[in-house]
Amino acid sequence: MTAAIVFDLDGTLIDSAPDIAAAVNRMLAAEGHGPLDLATVTSFVGRGLPNLVAQVIGHLGLDMGRHPELAAATLAEYNRSNSSLTMPYPGAVGALERLREGGAALGICTNKPEGPARQVLADLGLSRFFDVVIGGDSLPTRKPDPAMLHASFAALPDLPRLYVGDSEVDAETALNAGVPFLLFTEGYRKRAVEELPHRAAFNAFADLPELVAQALAI
Ligand SMILES: O=C(O)COP(=O)(O)O
Ligand SMILES: [Mg+2]
């Protein structure tokens, strides 16, 4: 099972949408607006925080000219949270343990800004698994540009590569980077599983180590 395996974060290893929605809603409350529901905010996750805030502004018909200010306010609110509404998906920690025990090197490639990504990993006791964390503001471009994924693998040993993610953006990133993609189907995906290019799909993390072994055997 020796491999370099890079994971997406939001909607893949962790269900973080409740904390993201709480941060958005604290920003909106400070602006005098009512809250957005969880499903609406979740549908905006995937292309990074600036994009998420642009979608909030568009959804509510606010002034796009205030985007920099509202994005900064949302990031500040998110940074103030202690990840208390965020949970690893069931079985994710056990799967990471098994993959590490099997000799895999692991990394994170997320469009979430790097600071909050590192913070939530620390808050949930997950930092120890990962040798590299690349966030949405780590490089000049974000996923689906493949640069973040290339940088993640470049920081890991030169082993067979796999990327694990939950969304259209992740599938496109893997395709752009030429890396086999494993799709977690219980995250924040919008389209049908069949519509996303993937090597294999899974809905339970207990199945991931076996899926990795199969993908490497091909
Ligand atoms: O913050 C986002 O928009 C998405 O983050 P992810 O790349 O970890 O899914
Ligand atoms: Mg994701």
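Only a predicted model underlies this, so the values are computations on that prediction, with no experimental measurement involved.

## A closer look at the domain arrangement of the protein
How big an interface is tends to be stated in terms of accessible area lost as the parts join. For the protein, the assigned domains are domain 1 (4–15 + 86–217) and domain 2 (17–80). Its C-alpha centre places domain 1 at a distance of 24 Å from the equivalent point of domain 2. Taken residue by residue, the interface counts 13 residues in domain 1 and 15 residues in domain 2. Across the interface of domain 1 and domain 2, roughly 1,200 Å² is buried in total on both sides, 55% from carbon and sulfur atoms. Linking domain 1 with domain 2 are zero salt bridges. For the side of domain 1 that touches domain 2, the per-class residue count stands at five nonpolar, two polar and six charged.

## Regarding unusual backbone geometry
Lys143 connects to Pro144 through a cis peptide bond whose omega is 10°. Position of Pro144 among the secondary structure elements: in the loop between strand 5 (132–134) and helix 7 (147–154). Unlike most non-glycine residues, Ser83 shows phi in positive territory, near 65°. Mapped onto the secondary structure, Ser83 falls in the loop between helix 4 (67–80) and strand 3 (87–88).

## Comments concerning the UniProt feature "binding site: Mg(2+)" (unreviewed entry) in the protein
Here, the residues flagged by UniProt with the feature "binding site: Mg(2+)" (unreviewed entry) are Asp8, Asp10 and Asp166. The greatest C-alpha distance among the residues just named is 8.2 Å, despite their covering 159 residues of sequence, which places them together in space. When only the residues just named are considered, the largest cavity is lined by Asp8, Asp10 and Asp166. Along the chain, Asp10 falls in the loop between strand 1 (4–7) and strand 2 (14–15). What Asp10 contacts, discounting residues up to four positions off in sequence, is Ser16, Ile20, Val45, Thr110, Lys112, Asp166 and Tyr188. If we skip the residues at most four places from it in the chain, Asp166 touches Asp8, Asp10, Gly11, Thr12, Phe181, Leu183, Phe184, Gly187, Tyr188 and Arg189.

About the criteria used
- One numbering rule holds for all chains: residues counted from 1, following each sequence as written.
- As they are written, the chains are lettered A onward and the ligands numbered 1 onward, keeping that order.
- Selection of residues for local features in this predicted model requires a pLDDT of at least 70, selection of side-chain atom pairs for listing and counting requires 80 or more, and totals for whole chains, interfaces and linings are taken over all residues.
- The basis for every side-chain value is the complete set of non-hydrogen atoms in the structure, without hydrogens or water.
- Note that domain bounds follow an automatic or database assignment of domains.
- Working rule for contacts: check all heavy atoms of both residues, and any pair within 4.5 Å makes them a contact.
- Put simply, buried area is the surface a 1.4 Å probe can reach on two separate parts but cannot reach once they are joined, added for both.
- When a carboxyl oxygen of Asp or Glu is within 4 Å of a side-chain nitrogen of Lys or Arg, the pair counts as a salt bridge.
- The nonpolar class holds Ala, Val, Leu, Ile, Met, Phe, Trp, Tyr, Cys and Pro. Asp, Glu, Lys and Arg form the charged class, and all remaining residues, Gly among them, are polar.
- Only DSSP runs of H or I reaching four residues or more are called helices, and only runs of E reaching two or more are called strands; each is numbered from the N terminus.
- UniProt positions are given in the numbering used here, feature names are shortened, and annotations may be inferred rather than shown by experiment.
- Points on a 1 Å grid, built from protein atoms alone, make a cavity when a 1.4 Å probe fits but cannot get out and make a pocket when they are open with protein on both sides within 12 Å along at least 5 of 7 lines; residues with an atom within 4 Å of a point are the lining residues.

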